[in-house]
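Structure assessment
In case you want the letters, here they are:
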Amino acid sequence: MRHTKVKSLLNSETTISEVNAKGWVRTFRNNQFIALNDGSTINNIQCVVDFENTPEETLKRITTGAAVSVTGALVESKGAGQKYEIQVSKLEILGDSDAEKFPMQPKKHSLEFLRENAHLRVRTNAFGAIMRVRSVLAFAVHQYFQEKGFVYVNTPVITGADAEGAGEMFQVTSLPLDNLPKNEGGNIDYKKDFFGKHTNLTVSGQLEGETFAMALGQIYTFGPTFRAENSNTSRHLAEFWMIEPEVAFNDLNDNMDLAEDFIQYVIKYTMDKCSEDLKFLEGRLADEEKQKPQAERSEMSLLEKLNFVLENNFKRVSYTEAIDILRDSTPNKKKKFSYIINEWGADLQSEHERYLVEKHFKCPVILFDYPANIKAFYMRLNEDGKTVRAMDILFPGIGEIVGGSQREERYDVLVEKMKALGIDEEELWWYLDTRRFGSAVHSGFGLGFERLVLFVTGMTNIRDVIPFPRTPQNAEF
Ligand code: 4AD
Ligand code: MG
């Protein structure tokens, strides 16, 4: 007999004379009631064991974490909290779990402890919910772009280019590190390396994505990206997933429209598909908020926050306006910011971004037209000669969730910019070709998938929304 998922059993329209379920024991109460979870839903199914007719030996093996197979009738439950339960007639222990040693005890664990047990934390309610939500969000990303006729492009993970020009890359090499080949000049001879050149893990698929947009019109990437930035924060990962759409003939306004529509779509899609998981996560967040002092508590519940994003336009504000607001803000005047904003041109820190979103505008904000010299080389220079057609989307509780721009489509201007920044033209000859042959206005953005998952799940540390986080000093599992 094929086993049925707990989710289907709980949603059954009728009682059933015999069903089989397989899963992991969450708790076993009174030698009688198993709370069984199989990952198909946040909810457990109650399995009632006929303890008088079950050998003592077997009962002892029904422990938290054990894998079991139960067969019996699906009957209406007399207990509160569930519509159906299984009246067990046959129980098989598939895999024992030593109750003394199993780390996921049926009690509240700290998130730090759970991170150290990332291989088992997914067996908890919270992490099961987070990972299901993550999966549905990923599907929604594809659904959105596919419905709109975008082509999904798989850009390379290993690359010679530094797409962001920020030098935060992990090197890829097969050279022996303890015996590096040297050239005549005494430098490392990368001609002897696997690819015959210096290579890295990609920080962004954008540059390759642009070449595809200039042929296929509208494309998106969705893949892992890597940053060797030593940022030990709750918003940064060394390995994260990025979604990068790129659209020919779109200007910066079209780009903002696309980003806003896209974010609202995937959130709506996930709210429709994951209502039970989100309800659970809303409760989790409410509990967490209760630990905070009143003044720091969020005014909105998780679902209220998500609905707020769906129902309100993102506020579009130029960098210059933002600087004026920040300069005149109370935390700036009272020197409460770690970085005081004095003049135009300052790079915004997350404290500033969060002030704008959470305190000043109280809604998602799109900042645009940043100073050229704090942004990447490929962004379209404005007529003023000092700002670029860049946009960042800032979210409450998250800060920057999207970074994007209209691209510099003019060959000469781009080459000049690269020269000024010391970016190797020869390395990017293929990128420059897009500007030499049929160049046109085009735009795109990158959305950090984990930051989106953070927002939707109401979690506060990015390490808790990716299965196995990679951060400085940590690559366990
Ligand atoms: O702003 P970034 O660096 O932009 C780019 O990489 C562009 N090439 C995107 C494009 O225009 N196609 O990164 C984009 C987004 C950020 O807004 C942030 O959400 C996320 O990627 N991100 C990170 N997420 C987690 N950990 C990190 N270390 C991240 N760095 C960036
Ligand atoms: Mg950015």
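As annotated in an unreviewed UniProt entry, the protein carries the name Asparagine--tRNA ligase and is attributed to Flavobacterium sangjuense. A UniProt comment under Subunit (unreviewed entry) is attached to the protein, and it reads "Homodimer." Comment text from UniProt for the protein, heading Sequence similarities (unreviewed entry), reads "Belongs to the class-II aminoacyl-tRNA synthetase family."

Summed over the entire model, instances satisfying the criterion amount to 22 aromatic pairs. Measuring from ring centre to ring centre gives 5.9 Å for F222 and W241, while their planes differ by 90 degrees; the resulting arrangement is edge-to-face. With F222 in strand 10 (residues 218-226) and W241 in strand 11 (residues 239-248), this residue pair connects regions lying 19 residues apart in the sequence. A centroid spacing of 5.6 Å and a plane angle of 40 degrees characterise the contact between Y319 and Y370, whose relative ring orientation is tilted.

The next thing to look at is the UniProt feature "domain: Aminoacyl-transfer RNA synthetases class-II family profile" (unreviewed entry) in the protein. In this structure's numbering, the residues bearing the UniProt feature "domain: Aminoacyl-transfer RNA synthetases class-II family profile" (unreviewed entry) are residues 131-467. Here residues 131-467 is 38% helix and 19% strand, with 8 Å between the C-alpha atoms at its ends.

The next point concerns the side chain of Q46. Tracing the backbone through its elements, the reader meets Q46 in strand 3 (residues 45-48). The buried category is assigned to Q46, whose relative accessible area is 12%. A distance of 2.9 Å separates polar atoms of two side chains, one belonging to Q46 and the other to E85. Those residues in contact with Q46, other than ones at most four positions away along the chain, are R29, F33, I34, S77, Q82, E85 and I86.

Procedures and definitions
Residues numbered from 1 in each chain as written. Chains lettered and ligands numbered in written order. Predicted model: local features only at pLDDT ≥ 70, side-chain atom pairs only at ≥ 80, totals over all residues. Heavy atoms only, no water. UniProt positions renumbered as here; feature names shortened; annotations may be inferred. Phe/Tyr/Trp six-rings, centres within 6.5 Å; stacked < 30°, edge-to-face > 60°. Helix = DSSP H or I, 4+ residues; strand = E, 2+ residues; numbered from the N terminus. Buried < 20%, exposed > 50% of the residue type's maximum accessible area, 1.4 Å probe, protein only. Polar contact = N/O pair within 3.5 Å; in protein donor to acceptor, adjacent residues only side chain to side chain. Contact = heavy atoms within 4.5 Å.

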